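Geometric and topological summary
One letter stands for each residue in the lines below.
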Amino acid sequence: MPAKVASIFEKDKRLIADATKIRFFPLVVDRADGTRITDVEGKQYLDFTSAWALANTGYSNSRMRAALIEQLNKSTFTGLVSGLHEPAVELAQRLIDLTPGDFEKKVWFGLSGSDANETVGRLLPAATGKRRIVSFIGGYHGTTGTSLNMSAHIAMTSDIGGGNIVKVPYPHPYRPPFGEAPIECAEKAIRFLSDYIFKTICPPDDVAAIIVEAVQSDGGDIVPPPDFLPMLEALCRKHNIYLVLDEVKVGMGRTGEMFAFQHADVVPDVVVLGKSLGGGLPLSAVVGPRKLVDSGFSLFTATGNALCCTAGLATINTIEQDHLIGKARTVGDYLHTKLQTLRTDHRLIGDVRGLGMFQGVELVKDHTSKEPAAIEAAKVVYRAFELGLLVFYVGMFSNVLEITPPLIMTEAEVDEGIDILDQALHDVAAGRVSDELIAPFAGW
Ligand SMILES: Cc1ncc(COP(=O)(O)O)c(C=O)c1O
């Protein structure tokens, strides 16, 4: 490790809480621009992460920078709780216009995906008179009380509580939960919910909402069969249950639609946004029925501040004016094809799946048993870093390489990243990355 990086890492170890860390390699960032990140030693990396799908419009986007500087010159902080400013009302209108649904909507603003989902969970009982929520195994909805209890990712299921939030299997075509054929897994998952869960521990007339990711991200970059969301929507309508789509990670153009649920043509009651909405600044939003977001009390003092709302507007403007949704579709298709080609060359790759600039590469020790190759995933990610590419891994078994580049990435840059991944996969298969090298980086 270079001396400056080692010195900063040593301080990090002593001074910064481990509870905030998911570390894969020793990266100390100095600056970032477009799709490239430069560390404190001047080494440049191509970014296949968007910092956990935050930087959809790229780093230091010029449109974003200009808008933020203009707002900063007015004031470094303008809140929303007991005052008002134009960026908040303008952003609320834009979000209402962007989300489908012919009903009276309003927008709640917060600072993170966690607080937005927390708010949905907190306000639901008052708005509906019902106490239960259904969520999906593998889901990641946040790290605060209710949002944590909605989550069912392996990294967050050891906390106590959440007895009124029932977790059911997510239809995973590569690892079908009931061992059925991939195409049937959505139908089986819905039937399990309606014919078993609803008839045993979770009466549907006491279910306020079902919260779901249209494509599951941290759970393993899973794309469910196309009939899953429409069937879930029908179930919600039948029992008068709110359908809540958590688009915190995959919304804002990433999958080649503004929102990932739009691939399935459903109309959610509630859409939850965060991460890339603020382009890296703390901003989240719940776009939902007036009845829900007007029920109760849920705020943070810095909620919906003018700087973050300005970032939200700049994100939407950039996505629209730079045609980033179309780019996510075409460059994403190109990326998917390239990853499929890698699969033919590397036995370690069991599955490649994704939509647009949201792709997962599942590593397995054996194609028949599908035994997860978790250590190998950690080594590939580490080796790619050494070779100049940033990529993370996710999944219930920590074995899925997550490829979520900024939506501004070009096909030439995709080629560059794929070449590095190819080399990293070869090096790991050849035993060139030791266990000791990755030991300090536990990932998750
Ligand atoms: C789908 C989803 N929802 C919510 C969250 C929580 O967002 P935050 O970490 O900003 O609180 C995440 C974070 O990864 C997420 O992926």
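Note that this is a predicted model, so its numbers are computed, not measured.

When helices and strands are counted, the chain shows 14 helices and 15 strands. Compactness check: the chain gives a C-alpha radius of gyration of 21 Å against a globular reference of 22 Å for 444 residues, within 12% of the reference. Taken along its principal axes, the extent of the C-alpha atoms in the chain is 60 × 60 × 45 Å. For the chain, the residues scored as buried account for 56% of the 444 residues in total.

Turning our attention to the pattern of salt bridges. One pass over the structure, following the stated rule, counts 29 salt bridges. Salt-bridge contacts for K21 lead to D18; the nearest nitrogen and oxygen are separated by 3.0 Å. Overall, K21 belongs to the buried group, its relative accessible area being 16%. The exposure class of D18 is exposed, given its relative accessible area of 56%. The partner of E402 in a salt bridge is K249, with the nearest N and O atoms 2.9 Å apart.

This next bit is on the domain arrangement of the chain. The domain boundaries assigned to the chain delineate domain 1 (3–57 + 323–438) and domain 2 (64–321). Here domain 1 and domain 2 have C-alpha centroids that lie 26 Å from each other. Around 3,000 Å² of area is buried between domain 1 and domain 2 when both sides are counted, 58% of it from carbon and sulfur atoms. Among the residues of domain 1 in contact with domain 2, L355, F358 and M396 are the three that bury the most area, contributing 24% of the side total. Its salt-bridge partner being E362, residue R175 comes within 2.7 Å of it at the nearest N-O pair. Looking at the side of domain 1 that touches domain 2, the elements with two or more residues in it are α2 (50–53), α11 (324–345), β11 (349–355), β12 (358–363) and β15 (400–403). The element best represented in the side of domain 1 that touches domain 2 is β11, accounting for five residues. Across the side of domain 1 that touches domain 2, the residue classes tally to 19 nonpolar, twelve polar and six charged.

To continue, consider the environment of R432. Counting through the fold element by element, R432 comes out in the loop between α13 (411–429) and α14 (435–438). Take R432: its relative accessible area is 56%, and that puts it in the exposed class. As a C-alpha pair, R432 and P225 span 207 residues in sequence and 38 Å in three-dimensional space. Residues contacting R432, with those up to four places away along its chain left out, are Q423, H426 and D427.

Sheet architecture is open: seven strands sit in the order β4-β10-β9-β8-β7-β5-β6, paired in mixed fashion. Unpaired on one side and paired on the other, β4 (105–110) and β6 (165–168) mark the two borders of the sheet. Each strand axis lies, on average, 20 degrees off the axis of its neighbour in the sheet, ignoring direction. The pairing of strand β7 (residues 207–212) with strand β8 (residues 242–246) spans four bridges and is classified as parallel.

The rules behind the values
- Residues numbered from 1 in each chain as written.
- Predicted model: local features only at pLDDT ≥ 70, side-chain atom pairs only at ≥ 80, totals over all residues.
- Heavy atoms only, no water.
- Helix = DSSP H or I, 4+ residues; strand = E, 2+ residues; numbered from the N terminus.
- Rg over C-alpha atoms; globule rule 2.2 N^0.38 Å.
- Buried < 20%, exposed > 50% of the residue type's maximum accessible area, 1.4 Å probe, protein only.
- Salt bridge = Lys/Arg side-chain N within 4 Å of Asp/Glu carboxyl O.
- Domains from an automatic or database assignment.
- Buried area = accessible area lost by both parts, 1.4 Å probe.
- Nonpolar A, V, L, I, M, F, W, Y, C, P; charged D, E, K, R; others polar.
- Contact = heavy atoms within 4.5 Å.
- Pairing = 2+ DSSP bridges.
- Axes fitted to C-alpha atoms, helices over the stretch in contact; angles between N-to-C directions.

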